[in-house]
Amino acid sequence: NNARRDINLLLTTRAKVTELRGKLLLNSSGPAGQGGLNLLTGEGTGTVASDPTSAEAHIKDEGIDLNLPAASNWLRQISGINGSTLKIPADGLVFNDIATKNQIVDAWNDAGATDVTVSEAVEVDDMFLVNQNDLYFLIIVTAVNNTDSDNADSIEFRIKY
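Read on for a plain summary of the structure.

Basis of the calculations
- Residues numbered from 1 in each chain as written.
- Predicted model: local features only at pLDDT ≥ 70, side-chain atom pairs only at ≥ 80, totals over all residues.
- Heavy atoms only, no water.
- Pairing = 2+ DSSP bridges.
- Helix = DSSP H or I, 4+ residues; strand = E, 2+ residues; numbered from the N terminus.
- Axes fitted to C-alpha atoms, helices over the stretch in contact; angles between N-to-C directions.

### What about the sheet that holds strand S8 (residues 135–145)?
Okay, step 1: Spatially, the 5 strands line up as an open sheet ordered S1-S9-S8-S7-S6, and their pairing is antiparallel. Both edges of this open sheet fall to strand S1 (19–26) and strand S6 (85–87), since each of them pairs with a single strand only. Strand-to-strand twist of the sheet, defined as the mean angle between neighbouring strand axes without regard to direction, takes the value 30 degrees.
Okay, step 2: By the bridge criterion, 7 bridges tie S8 to strand S9 (residues 154–160) in an arrangement that is antiparallel. Looking at S9, one finds that Ile 140 is bridged to Arg 158.

Structure representation (structure tokens):
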């Protein structure tokens, strides 16, 4: 039984990655049903238990700071949800060089023991590793869309898993 599991794990980790482009994580302080992101599908989700889509999320937006003016109150921070853990990749990792699932797992292991509870304010080209129940993702920020007059702010990602 362990041998079968090891063979399945070996086949899975050598498999080529799936890549999703242009996936948006919307500001959680916007309309209900947004603020989370399913990294398998690239679909937006809610972030609260009363929203059934929130169970599908891997990461979430941290919302706004109500003490700041509306034009600058979005935190631009992300965190894990539903048991997801985030890490910052080790220096030198190149997103475009990652071609197999095993490389993502290796990058996770190389990132060390420090987990990210809540990110700093994200910028274009920031990368994160995400693990949820031994499903590993590498994500890179491709755009940060800040709106001045509403909560339609968003972070755009490329996702590999």
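Alright, that's what it looks like, and here's the rest.
### Looking at the sheet that holds strand S5 (residues 78–80)
Okay, step 1: Taken together, the 4 strands give an open sheet; going across it, the order is S3-S2-S4-S5, and neighbouring strands pair in antiparallel fashion. Each edge of the open sheet is held by one strand with a lone partner, namely strand S3 (44–45) and S5.
Okay, step 2: Where strand S4 (residues 59–61) lies against S5, 3 bridges are found, and the strand directions are antiparallel. Bridge pairing links Asp 61 to Ile 78 in S5.

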